[in-house]
Structure formats: C-alpha cells, structure tokens
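Overview (structure and organization)
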Amino acid sequence: MGQEQNIILIGFMGSGKTSVGVKLSYRLRLPGEDTDKLIERREGRSISEIFADDGEEYFRQLETELLGELIGRGGTRIYSVGGGTPVRGENRRLLKQLGQVVYLKVSPETVYERLKEDATRPLLQCPDPLDRIRQLMEERREAYEACADIIIEADQTEMEDIINRIAKERETRKLLVINGPN
Ligand code: S3P
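Residues numbered from 1 in each chain as written. Predicted model: local features only at pLDDT ≥ 70, side-chain atom pairs only at ≥ 80, totals over all residues. Heavy atoms only, no water.

This part takes up the packing of helix α2 (residues 35–43) against helix α4 (residues 56–71). Their axes nearest at 10 Å, the elements α2 and α4 cross at an angle of 105°. Classified by the interaxial angle, the pair formed by α2 and α4 is roughly perpendicular. From α2, Thr 35, Asp 36, Leu 38, Ile 39, Arg 42 and Glu 43 reach across to α4, where they touch Tyr 58, Phe 59, Leu 62, Glu 63, Leu 66, Glu 69 and Leu 70. Considered class by class, the residues forming the contact of α2 with α4 number seven nonpolar, one polar and five charged. (Axes fitted to C-alpha atoms, helices over the stretch in contact; angles between N-to-C directions. Helix = DSSP H or I, 4+ residues; strand = E, 2+ residues; numbered from the N terminus. Parallel < 35°, antiparallel > 145°, perpendicular 65-115°, else oblique. Contact = heavy atoms within 4.5 Å. Nonpolar A, V, L, I, M, F, W, Y, C, P; charged D, E, K, R; others polar.)

It is worth spelling out the pattern of salt bridges at this point. Enumeration according to the criterion identifies 16 salt bridges in this entry. With a shortest N-O distance of 2.8 Å, Arg 73 and Glu 33 are connected by a salt bridge. Pair noted here: Arg 73 is in the loop between α4 and β3 (78–80) and Glu 33 is in strand β2 (residues 32–34), with a separation of 40 residues, a long-range link. The shortest N-O distance in the salt bridge between Arg 60 and Glu 63 comes to 2.8 Å. Of this pair, Arg 60 and Glu 63 both sit in helix α4, separated by three residues, roughly a single helical turn. For Arg 60, a relative accessible area of 9% puts it in the buried group. (Salt bridge = Lys/Arg side-chain N within 4 Å of Asp/Glu carboxyl O. Buried < 20%, exposed > 50% of the residue type's maximum accessible area, 1.4 Å probe, protein only.)

Right under this line is the structure:
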C-alpha cells in the first residue's frame, strides 16, 4: 500500500510538474523529489552536460535505472519526473508501479511562452522550438495518457485548483484502499 500512496507528476517540459510538486508537498506534508535533480546530483553534472557528453540514450537509461530504485524505497513521496520519462514502455510500467500518476496537460503555446528564454532543456535548443514542442508533444501524447491515472488540463486551471484536485483524488483513493476494492 505504501507505493500506492506516492504521487507522480508527469507532463511535458514546462507543464509545471516541479512547481506543483513543491506546493503539493507543503499541502500534503509529504517529501517531494524531482528525478532530474536526483540524476544531476548523482552524476555531478547538469542534464545539458549529460546530453552533450553522453547523449540522450544514456540519460534515458539513467531515468529507467532510477525509477527501478525508487520502487524499492520505503515511505511516501511526491515525485516529479522528466518530460520524456513516460516515452519508454518500461518506464510507464515502473511509473504506475511507483504510485498514482498525475498528468499535467498543457498546450504547445503555453510551453513555448514559459520556456522560450530557457537554455536548460537540450531538446529545445533548436532554430524553431515551437515546432519542436508541437512535434514532440504529438509523439508523446499517447504515452502520457497511457500511464495517467488523473489528467489535469493544467494551463486552464489555477495552481490552487490543481493542488485541490490532486489532494481530493488522493483522499478518495485512500478511502477506497481502506474500504477494499469492492
Ligand atoms: C526532457 C525533459 C526535462 C529533462 C530533459 C529531457 C524531455 O525535464 O528530463 O531535458 O525529454 O522532455 P523537465 O520536463 O522537468 O523539463
């Protein structure tokens, strides 16, 4: 039951996973963790450096290994994961095993506005980032939806309402666990 109670935030880069994770962590009084940060700390270098030195596949492998390790951990936490994590089928299985998956869905335009000055997302350092965002989002849409327990239209919802919605779903789920599946 412990694993069931973790909350995992997924969604495209710039969908607000990190900010929602921090606010939710205060609200639910649960520790929050960001898998990108865990990888950076462990590797002693930034995501951009990892991509530049060893390539995307190497980073993807680190993501998969980390998810496997998190599943074995005790305690209950809120995790935010990288935007590309759910793309691998294996990761989708691991994410679902890790806990309740919340997908923060946003439009390509929102992502572009939020990240147009950002240099820390290697996949968006290209001549036409908006086009890249649209393309990647379309490629990933099914993967995100396939592993989500809850989908929140995050760019049309106030932060406070996002937090309330997730907190409420969590309460409902706890009751379901207490009362049993039937
Ligand atoms: C990526 C998203 C990033 C980071 C890496 C790759 C992606 O995380 O993992 O740059 O493939 O979408 P955020 O979603 O936290 O920006």
